[in-house]
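# Close look at the chain arrangement
If you want the building blocks of each chain, they are given just below.
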Amino acid sequence: MRDDVVGQDSSIISHPTVWKASGHVDHFTDPMVDCKKCKGRWRADQMDSKECPHGGSHELTEPQKFNLMFRTFVGAVEDAASVAYLRPETCQPMFVNFKQIQLVSRQKVPFGIAQIGKAFRNEVNPRNFIFRSREFEQMEMEFFVKPGDAKKWFDFWVQQRFDWYKGLGIRPDKLRLRPHGKDELAHYASMAVDVEYEFPFGWQELEGIAHRGAFDLTQHQQFSGKDLSYFDDAAKEHFVPEVIEPSAGVDRTLLMLLVDAYDVEQIVDEESKKSEERVIMHLSPIVAPIQVGVFPLSKKLGEPAQKLEKALRSEFRTFYDESGAIGRRYRRQDEVGTPFCITVDFQTETDRAVTIRDRDTMSQDRVALDQVSRVLKEKMAAWQRLPNKGTGLAA
Ligand code: ATP
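No experiment lies behind these values; they were computed from the predicted model shown.

### A few points about the site of the ligand
Taken together, the neighbourhood of the ligand is formed by 14 residues, with Glu123, Arg132, Ser133, Glu205 and Leu206 sitting nearest. In this structure, a nitrogen atom belonging to the ligand sits 2.8 Å away from a side-chain N or O atom of Glu123. Here the ligand loses 82% of its free accessible area of 590 Å² to cover by the protein chains.

This is the structure:
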């Protein structure tokens, strides 16, 4: 939505020198220890003690560096000269292409290049559902600024990114910012803050925002022999821009959305008036895969209900369901997180109105057919995350 950010879609396999310049060939490693007894391999920095997590053996090797990049060979010959890497992050091509993109998009510093796409890491211990996997999706942006302005932009992007997660309807007490200590900073960063979420398995990183200085452009300039400096028209000076990088995981964001939204409540069923359990996903209308469910009260009303659902399709993510008791249909939509359901009933033909039922409060409003779209938009804009009535996904 910003005027000062442009997108790109770069290749996944890139020239090995790109990863040499970025520091990945030499530094993108985890320290691994092997258990001589069970032959298991573990990340030394994630172990609480000097014991094998499988069985507690103390017969462990010294930590060895293990590079996380997936290697492949380009062309018909598999030798050292044809080695290439799958990108372990999406950001390097944004540095390599910085100059072309800046010229073509006619942007002036400060501006950003953003990319969403697959990244690959040979993680030794993938775990916690989709939290850590070997093939995942990243959203990254390199925001290029004039040297001297970087701290200001760093603070700006940390706040923007934190607000973005809150805007997805996540409970605010489950989100926090965690600045990196000096000993934690990556080799390229002079400042970094993580956005963290409290998963059932503890506080974990969703995104890192780093002040990378001029490290990357300077490195690529050196390894490629191409000038990557920027000419500032107004000040009549050349400089290598500094970079602020927000780097986020799509899979982790999705896992957070699911974990945060889940609850099991005790309710009185609208139809049978019996007490029962209701599984509810408190998803924000922004992210709910279905925003509006449309039901005919009886199959006989299928035609007008389908007509309404089709009319709403161009504006909302909709779903039509006519099977089973209406209470069951509401329950199914609660379980997938559909915030609003519309029921067409026997009165609809005469009063030209339908019922809109709210997932979170289970309240129902009668709304004129020609006002449905407007009312839905208002309700979506006013949506707020209500507290869980059950225990949610407790730790
Ligand atoms: P971690 O310390 O958890 O391994 P990282 O600090 O190495 O993560 P970055 O290199 O900063 O991660 O990558 C940016 C983002 O990409 C992370 O905040 C995370 O959301 C996502 N990410 C990184 N590795 C993985 C993975 N193996 N599976 C899923 N998402 C990942």
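Moving on from the coordinates now.
### A few points about helix α6 (residues 215–224)
Taken as a whole, α6 has its buried residues at Asp216, Leu217, Gln219 and His220. End-on, the buried residues of α6 take up no more than an arc of 160 degrees, which puts them together on one face. On its buried face, α6 sits against α1 (16–21), α3 (92–96), α4 (98–105), β9 (135–145) and β12 (202–213).

### So, the sheet that holds strand β19 (residues 318–320)
Spatial strand order, β19-β18-β20-β21-β22: five strands in an open sheet with mixed pairing. A strand with exactly one partner marks an edge of an open sheet, and here the two such strands are β19 and β22 (364–368). Each adjacent strand pair in this sheet contributes to an overall mean axis angle of 25 degrees, direction not counted. Sitting on the sheet, helix α9 (residues 326–336) is in contact with β18 (292–296), β19, β20 (340–344), β21 (353–358) and β22, with an inclination near 170 degrees to β18.

### As for the sheet that holds β9
One key point about sheets: their strands pair by backbone hydrogen bonds, in either a parallel or an antiparallel sense. Ordered by their spatial adjacency, seven strands build an open sheet running β1-β8-β9-β15-β12-β11-β10, and the pairing between neighbours is mixed. Of all the strands in the sheet, just β1 (5–7) and β10 (175–179) have a single pairing partner and so form its edges. For this sheet, the mean inter-axis angle between neighbouring strands, taken without regard to orientation, is 25 degrees. Sheet analysis places β10 next to strand β11 (residues 191–199), joined by five bridges and oriented antiparallel. Bridge pairing in β11 links Leu177 to Val195. Most of the contacts of helix α5 (residues 150–167) go to β12, to which it runs at about 150 degrees, and overall it touches β9, β10, β11, β12 and β15 (242–249). Along the sheet face, helix α7 (residues 250–261) touches β8 (111–120), β9, β10, β11, β12 and β15 and points at about 35 degrees away from the line of β11.

Thresholds applied
- Residues numbered from 1 in each chain as written.
- Predicted model: local features only at pLDDT ≥ 70, side-chain atom pairs only at ≥ 80, totals over all residues.
- Heavy atoms only, no water.
- Near = heavy atom within 4 Å.
- Polar contact = N/O pair within 3.5 Å; in protein donor to acceptor, adjacent residues only side chain to side chain.
- Areas by Shrake-Rupley, 256 points an atom, 1.4 Å probe, with all protein chains shown as cover.
- Buried < 20%, exposed > 50% of the residue type's maximum accessible area, 1.4 Å probe, protein only.
- Helix = DSSP H or I, 4+ residues; strand = E, 2+ residues; numbered from the N terminus.
- Arc of directions from axis to C-beta.
- Contact = heavy atoms within 4.5 Å.
- Pairing = 2+ DSSP bridges.
- Axes fitted to C-alpha atoms, helices over the stretch in contact; angles between N-to-C directions.

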